Amino acid sequence: DARVTQTPRDKVTEMGQEVTMRCQPILGHNTVFWYRQTMMQGLELLAYFRNRAPLDDSGMPKDRFSAEMPDATLATLKIQPSEPRDSAVYFCAIPKSGRRNTGELFFGEGSRLTVL
Amino acid sequence: GQNIDQPTEMTATEGAIVQINCTYQTSGFNGLFWYQQHAGEAPTFLSYNVLDGLEEKGRFSSFLSRSKGYSYLLLKELQMKDSASYLCAINQGGKLIFGQGTELSVKP
């Protein structure tokens, strides 16, 4: 029951290269969260969008990271230039819809990034 | 700011009961979640507490005390497939902030 598709699933790149990760809510959604997971830091919130506008990107290194949500079916996270310390699994997540809005999130399968 | 603490790892025996604790200090609180994450997979929702007390769902139960900033996840009749990481998360103004997770190993 995949509500969110993330691409690429696995990416190996060299330091200095640009990396773009995509998040596609299957049925479209105006709210998207981006998380990064590493062994050292755990699951960290990078940024989130509501009504496709960035509400909070304080967790994101601004000098090299950028996030956009051009429409309800696509959110992107870009790293330029990439560095080895960016190696992590990047998850996007969307809120569960329904009358009871608890904040529960559905996560995509993640994009595993390795920067050499 | 926020601070969410969980034990890093726990080991338990198949068929037993295990309790995973989570303590938190946060400037805003709109509920507490537990997520399960198997190795190489995405986190999946287990439970949600917003009021004090116990929420039971099959073999899993979750407890919350807001005055103590404390929650636990109770897993009964442990199975090998319960080996996973368990993440405590606080809803802080509509965004989920996660603890580091507790790696649970279930042994035969």
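Residues numbered from 1 in each chain as written. Chains lettered and ligands numbered in written order. Predicted model: local features only at pLDDT ≥ 70, side-chain atom pairs only at ≥ 80, totals over all residues. Heavy atoms only, no water.

Q: Any chance you could explain the overall build of chain A here in plain terms?
A: For chain A, the helix and strand inventory stands at zero helices and eleven strands. Tracing chain A from N to C terminus, the helices and strands come up as β-β-β-β-β-β-β-β-β-β-β. What you see for chain A is a C-alpha radius of gyration of 14 Å, in line with the 13 Å of a compact globule of 116 residues. In terms of overall dimensions, chain A has a C-alpha envelope of 45 × 25 × 25 Å along the principal axes. Counting across all 116 residues of chain A, residues that qualify as buried make up 45%. A separation threshold of at least 6 residues defines the contact pool for chain A, and within that pool the share at least 24 residues apart is 54%. (Helix = DSSP H or I, 4+ residues; strand = E, 2+ residues; numbered from the N terminus. Rg over C-alpha atoms; globule rule 2.2 N^0.38 Å. Buried < 20%, exposed > 50% of the residue type's maximum accessible area, 1.4 Å probe, protein only. Contact = heavy atoms within 4.5 Å.)

Q: Explanation requested: the interface of chain A and chain B in the structure shown.
A: Where interface size is given, it is often the accessible area lost as the parts come together that is meant. Taken together, the 20 residues of chain A in the interface contact 18 residues of chain B. When chain A packs against chain B, the two sides together hide about 1,500 Å² of surface, and 51% of this comes from carbon and sulfur. The largest contributions to the chain A side of the interface with chain B come from A:Leu43, A:Thr102 and A:Phe107, which together make up 29% of the buried area. Remark: the boundary between chain A and chain B carries one salt bridge. Between B:Lys95 and A:Asp56 there is a salt bridge, and its shortest N-O distance comes to 2.6 Å. Applying the counting criterion to the chain A and chain B interface returns seven residue pairs in polar contact (both at pLDDT 80 or more). (Buried area = accessible area lost by both parts, 1.4 Å probe. Salt bridge = Lys/Arg side-chain N within 4 Å of Asp/Glu carboxyl O. Polar contact = N/O pair within 3.5 Å; in protein donor to acceptor, adjacent residues only side chain to side chain.)

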